[in-house]
Amino acid sequence: MYKNFGKRVFDIIATLIGGVLLLPLIVPIAIWIKLSSKGPLFYVQKRVGKDFKEFDLYKFRSMIVDADKVGPSVTSGDDPRITKVGKIIRRTKIDELPQLLNVLKGDMSLVGPRPEVMKFVEQKKAEYKKVLSVKPGITDNAAIEFRDEETIMQQYDDKEKAYIDIVLPQKIELYYKYIENMTFTNDIKLILQTLKVI
C-alpha cells in the first residue's frame, strides 16, 4: 500500500510543508546565484526515471554555463567548472532543493535511488531493471553513504571509468537494499539521517 498511493501522498504533503519552511533559505540562495555569475538560476539535465523514462531534473546552477560540454560527466571537488557559490551549495546539498519541484510533478520521490544520466544507466542496464522499478528520489542510503562523492572522485585520473567500475556498483547494491526495505518508517529515518549529515 505505502509503495504506491501512500508514498505519493506522503511525498506531496511533506514537499509542500518543506518547501514553505525552506523559502527563507531558497530565496536568498537564488538571488546569490544570479548576482554571482552569468547564466540561468537552474541547471536542467535529463535523468532516467521509473521504467527507464527520462525526465528533466532541476538543480540550482553550481557550475559555469555549458559545463557539461567542456568536461566529464562525473564531477570532483576540485573541478574548475564549479563556481564560488557552487562550492558552498554543493557541499551542503542546497543545490538539490529544486528537485522538490520534480517530486511535486511526480518524476521523483523524496526518498529513492538517485537518478542517473542515461550514459551510466546503459552501462549497467541489467542491474537498473530493479533500480528503476521504483521512482528515483532526492535521498536514500546511497546518497548518505556517498555524500562526499566529489572528494572520493578526486583520487582518480579517469573519473568516468572509476565511477562506472568502482562507485556505481556500490551504489546499486545500496539501491537494492533500499528497495527491499521500502517502508514509511524507513523513509522517515533516511530523511532524518540526511538532514543530520548535511
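Just so it is clear, the structure is predicted and the values come from calculations on it, not from any experiment. Counting restarts for each chain, with residues numbered from 1 along the sequence as it is written. A pLDDT threshold of at least 70 governs which residues receive local features in this predicted model, and a stricter bar of 80 or more applies before side-chain atom pairs are shown or counted, although totals over entire chains, interfaces and linings include all residues. With hydrogens and water stripped out, all remaining heavy atoms of the structure feed into the side-chain values.

Draft legend 1. Representation of the pairing of strand β1 (residues 42–48) in the model. Sheet topology note: the β1/strand β2 (residues 54–60) ladder contains 7 bridges and is antiparallel. Counted as the bridge partner of V44 is Y58 from β2. Two strands qualify as a pair provided DSSP detects at least 2 bridges between them. Think of it this way: any DSSP run of H or I at least four residues long counts as a helix, any run of E at least two long counts as a strand, and we number them from the N terminus. Adjacent in sequence and paired antiparallel, β1 and β2 are bridged by 5 residues, among which D51 carries a positive phi angle near 60 degrees.

Draft legend 2. Looking closely at the packing of aromatic side chains. Stacked, tilted and edge-to-face are the three classes assigned to paired rings of Phe, Tyr and Trp, where Trp is represented by its six-membered ring and a pair needs centres within 6.5 Å; plane angles under 30 degrees give stacked, over 60 edge-to-face, the rest tilted. Applying the stated criterion to the full structure yields 4 aromatic pairs. Plain terms: the ring middles of F10 and F184 are 5.3 Å apart, the flat faces sit at 85 degrees to each other, and that makes the pair edge-to-face. Here F10 is found in helix α1 (residues 2–36), whereas its partner F184 is found in helix α9 (residues 184–197), with 174 residues between them in sequence. Centre to centre, the rings of F120 and Y163 are 5.0 Å apart; their planes meet at 50 degrees, and the pair counts as tilted. Of the two residues, F120 is situated in helix α4 (residues 118–121) and Y163 in helix α8 (residues 159–180); the sequence distance between them amounts to 43 residues. The exposure class of F120 is buried, given its relative accessible area of 2%. Exposure is judged per residue with a 1.4 Å probe applied to protein chains only, and the accessible area is read against the type maximum: over 50% gives exposed, under 20% gives buried, and values in between give partly exposed. For Y163, a relative accessible area of 3% puts it in the buried group.

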